[in-house]
Amino acid sequence: MVLGDSELAGIGLIGLGTMGASLALNIAEKGFKIAVFNRTTETTRKFHAEAGDLAAQVVPCESLEDFVAAIKPPRSVIIMLPAGDILDQQIGVLRGMLDADDLIIDAGNANFHDTNRRTKEAKAAGVPYLGIGVSGGEEGARHGPSIMGGGARSAWDRVSHILEAISAKHEGQACAQWMGEGGSGHFVKSVHNGIEYADMQMIAEVYGIMRDGFGMEAAQIGEVFARWNEGPLKSYLIEISAEVSRCSDAKSGRPLLDIILDRAGQKGTGRWTAVEALHLAAPATVIEAAVAARNLSSRLDERKAGESLFGAAPTALDLDALRIDALEQALIAGKIVCYAQGFGLLSSASEAYDWSLPLPDVARVWRAGCIIRSTMLNDMADALTQNPALNLMFSDFFAALLRDNEKALREVVAVSAKSGLPAPALSAALAYFDMMRTGRSTANMIQAQRDFFGAHSFERFDEPGAHHGPWHKS
Ligand SMILES: NC(=O)C1=CN([C@@H]2O[C@H](COP(=O)(O)OP(=O)(O)OC[C@H]3O[C@@H](n4cnc5c(N)ncnc54)[C@H](OP(=O)(O)O)[C@@H]3O)[C@@H](O)[C@H]2O)C=CC1
Ligand SMILES: O=C(CO)[C@H](O)[C@H](O)COP(=O)(O)O
């Protein structure tokens, strides 16, 4: 296939799966001619055949050679494949066919350590590389995702007009931004996903209280979520929780939610976030609890064995013991804590990796297009603009909101604990809140124990320096 100059595409995309296909159509729709390639040729043909009016903007390629030849140099190529070795293999093959100034953009989810490595490898080879996080699922990719860029600024500037054009807009502002060097964009996306896990888990916990504690039907629960979506919790995840709760199964006529197996999948992004939080000693306990809850959910047989052994927890709640409103308020408080931890983690990483992550801009980029978009993120952007270094929980706006809702979080965690209804993420949020407002903690006991068994020393309130105890060991 030999194309004339005017027929060449301005950009290329490899991987026409859920995200890649939607992103390619979005790019085409915004007026950029795009060459596409997919491992399975049939998918490329089908994609082009179904592109409708946009087909003219798409150059379908059945070989990588044709794909490379179809893009105008210096080329920009987006790769939208599963994370890991697959990506390294694709980069390896592609790089061998590209020119030195051709830009490769990994737009899939990636462990930021891998992106750091790939960026270094690209730099050593003198070729440009970007790792960008894209959020919004299939719909977002098609009509406007949130985009978190990472890599050399000069490489970002080459394609920023395209990425901004295809991104979601919040009050006219593009939700696409360069976050910093190397793997920073993928790190921000990873934390986005960690927060996504935590938001989803906390919603699932209040769903459990309504289902198992209050004995509410899925449709009734859906009405509650829909109502909450008109208040401070207004967000995409609450909106879709209402929708999935109200959905019926065509086959059985039952609520679809009631026949979905309670075993959560995961592709690893939440785990990457939790692992990195531990690595950086940044408390992200709500995210960690959410990742653990997914891991635990997959142990279906073990959970069933546990139920046979210990009996299911007594779950029936006295409706008077808890108000539905308290669940909404608990979610508000839990959400604030979770985001405070998420932004704290970003701040720790920014310092550790010398990134200068623009935290207010992270909040801004998350306001539209992405899975965790919510009205609260607008207030977070404002609070972080005032003071990006301050724990979000301590900002005037969120401190006031926490004061109003903390009691309900405590009430919900206490009642669920007493009733045997698991609420690990909400409990983690409450424990963090309580620890963060305890000036005199119990770590003096830990220090004494450490010094006792390992001569690790401790500090004193009344004297500087390192001290040892007069421990009498037998
Ligand atoms: N789904 C989502 O909501 C989101 C996904 N992402 C990320 O986007 C990326 C793509 O995800 P998604 O579109 O959902 O995935 P899909 O499973 O829908 O598509 C995967 C794509 O990768 C191709 N592929 C798989 N294995 C190979 C291989 N060994 N060599 C070459 N091509 C291969 C597939 O080609 P073939 O047709 O030949 O199988 C297909 O085009 C991932 O990194 C994911 O984490 C990011 C944000 C949201
Ligand atoms: O990045 C995403 C959303 O933002 C993807 O949908 C991702 O796959 C979600 O993570 P998991 O599969 O682990 O639930």
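Treat the numbers as computed from the prediction; the structure is a model and nothing was measured.

Asker: Any chance you could explain the overall build of the chain here in plain terms?
Answerer: Secondary structure assignment for the chain yields 20 helices and 10 strands. At 25 Å, the chain has a C-alpha radius of gyration in line with the 23 Å of a compact globule built from 474 residues. Referenced to the eigenvectors of the C-alpha coordinate spread, the extents of the chain come out at roughly 80 × 65 × 45 Å. Sequence separation of 24 or more characterises 69% of the internal contacts of the chain that already satisfy a separation of 6 or more.

Asker: Help me understand the sheet that holds strand E3 (residues 58-61), please; the structure alone is not making it clear to me.
Answerer: Backbone hydrogen bonds are what pair the strands of a sheet, in a parallel or an antiparallel way. Spatially, eight strands are ordered E3-E2-E1-E4-E5-E6-E7-E10 in an open sheet, and the strand pairing comes out mixed. The open sheet has two free edges, formed respectively by E3 and strand E10 (176-180), since each of these has just one partner strand. Neighbour-to-neighbour, the strand axes of the sheet open up by a mean angle of 25 degrees, direction not taken into account. Strand direction decides the pairing type here: strand E7 (residues 146-151) and E10, joined by four bridges, are parallel. Paired with Gly 149 across the two strands is Trp 178, which belongs to E10. The sheet contacts of helix H2 (residues 41-49) involve strand E2 (34-37) and E3, and relative to E3 the element is tilted by about 160 degrees.

Asker: Just checking my understanding: could you explain the site of ligand 1 for this structure?
Answerer: The local shell around ligand 1 holds 22 residues, among which Gly 17, Arg 39, Thr 40, Gly 108 and Asn 109 are the closest. Sorting the residues of the shell around ligand 1 by element identifies helix H1 (18-29), helix H4 (85-95) and strand E6 (129-135) as the ones contributing at least two each. For the shell around ligand 1, the leading source of residues is H1, giving three residues. Looking at the shell around ligand 1 residue by residue, the classes come out as eight nonpolar, 12 polar and two charged.

Asker: Which parts of the structure should I look at to understand the nonpolar core?
Answerer: The nonpolar side chains of a soluble globular protein tend to be buried, and buried together. Ala 24, Val 286, Ile 336 and Ala 429 are the most contacted members of the largest nonpolar core, which has 138 residues in total. Among the elements that line this core, the one with the most residues is helix H15 (residues 324-352), at 15 residues. Two domains share this core, each providing at least three of its residues, namely domain 1 (6-182) and domain 2 (190-436). Ignoring sequence-local partners within four residues, the contact set of Ala 24 consists of Leu 13, Leu 16, Ile 34, Val 36 and Val 58.

Asker: Can you help me understand the packing of helix H8 (residues 184-213) against helix H10 (residues 236-245) in this one?
Answerer: Each pair of packed helices can be summarised by the angle the axes make with each other and by the distance between the axes. Their axes nearest at 10 Å, the elements H8 and H10 cross at an angle of 40 degrees. By the angle between their directions, the pair H8 and H10 is classed as oblique. As H8 packs across H10, the resulting crossing turns out to be right-handed. Facing Asp 199, Met 200 and Ile 203 of H8, the residues of H10 in contact are Leu 237, Ile 238 and Ser 241.

Asker: Help me out: how do you make sense of the UniProt feature "active site" (unreviewed entry) in the chain in this one?
Answerer: The sites that UniProt annotates as "active site" (unreviewed entry) are Lys 189 and Glu 196. Within the secondary structure, Lys 189 is located in helix H8. Accessibility expressed as a C-beta count within 10 Å gives 32 for Lys 189, which makes it buried. Among residues more than four places away in sequence, those in contact with Lys 189 are Asn 109, Gly 133, Ser 135 and Met 148. With respect to the secondary-structure elements, Glu 196 resides in helix H8. The exposure class assigned to Glu 196 is buried, which follows from the 22 C-beta atoms found within 10 Å. Contact partners of Glu 196, with chain neighbours within four places excluded, come to Ile 371 and Ile 372.

Asker: So what exactly am I meant to see when it comes to the packing of helix H13 (residues 285-297) against H15 here?
Answerer: The interhelical angle for the contact between H13 and H15, taken along N-to-C directions, is 105 degrees, at an axis separation of 8 Å. Judged by the angle between their axes, H13 and H15 are roughly perpendicular. Of the residues in H15, those in contact with Thr 285, Val 286 and Ile 287 of H13 are Gly 334, Val 337, Cys 338 and Gln 341. Of the residues contributing to the contact of H13 with H15, the split by class is four nonpolar, three polar and no charged.

Asker: Looking at this structure, how should I read the domain arrangement of the chain?
Answerer: Reports often express the size of an interface as the amount of accessible area lost when the parts come together. Each domain of the chain was delimited in the assignment, giving domain 1 (6-182) and domain 2 (190-436). On the domain 2 side, the residues contacting the 23 residues of domain 1 number 18 residues. No other element matches the four residues that E10 contributes to the side of domain 1 that touches domain 2. Here the residues of the side of domain 1 that touches domain 2 are counted per class, giving seven nonpolar, 14 polar and two charged.

Asker: Teacher, can you tell me more about the environment of Met 210 here?
Answerer: The residue Met 210 is located in helix H8 in this model. Residues Met 210 and Trp 178 lie 32 residues apart in sequence; the distance between their C-alpha atoms is 41 Å. Setting aside residues no more than four positions away along its own chain, Met 210 makes contact with Met 216, Ile 221 and Val 224.

Conventions adopted
- Residues numbered from 1 in each chain as written.
- Chains lettered and ligands numbered in written order.
- Predicted model: local features only at pLDDT ≥ 70, side-chain atom pairs only at ≥ 80, totals over all residues.
- Helix = DSSP H or I, 4+ residues; strand = E, 2+ residues; numbered from the N terminus.
- Rg over C-alpha atoms; globule rule 2.2 N^0.38 Å.
- Contact = placed C-beta atoms within 7 Å.
- Pairing = 2+ DSSP bridges.
- Axes fitted to C-alpha atoms, helices over the stretch in contact; angles between N-to-C directions.
- Near = placed C-beta within 6 Å.
- Nonpolar A, V, L, I, M, F, W, Y, C, P; charged D, E, K, R; others polar.
- Core = buried A, V, L, I, M, F, W, Y, C linked by C-beta atoms within 7 Å.
- Buried ≥ 20, exposed ≤ 12 C-beta atoms within 10 Å, placed from the backbone.
- Domains from an automatic or database assignment.
- Parallel < 35°, antiparallel > 145°, perpendicular 65-115°, else oblique.
- Left-handed = near helix turned anticlockwise from the far one by under 90°.
- UniProt positions renumbered as here; feature names shortened; annotations may be inferred.

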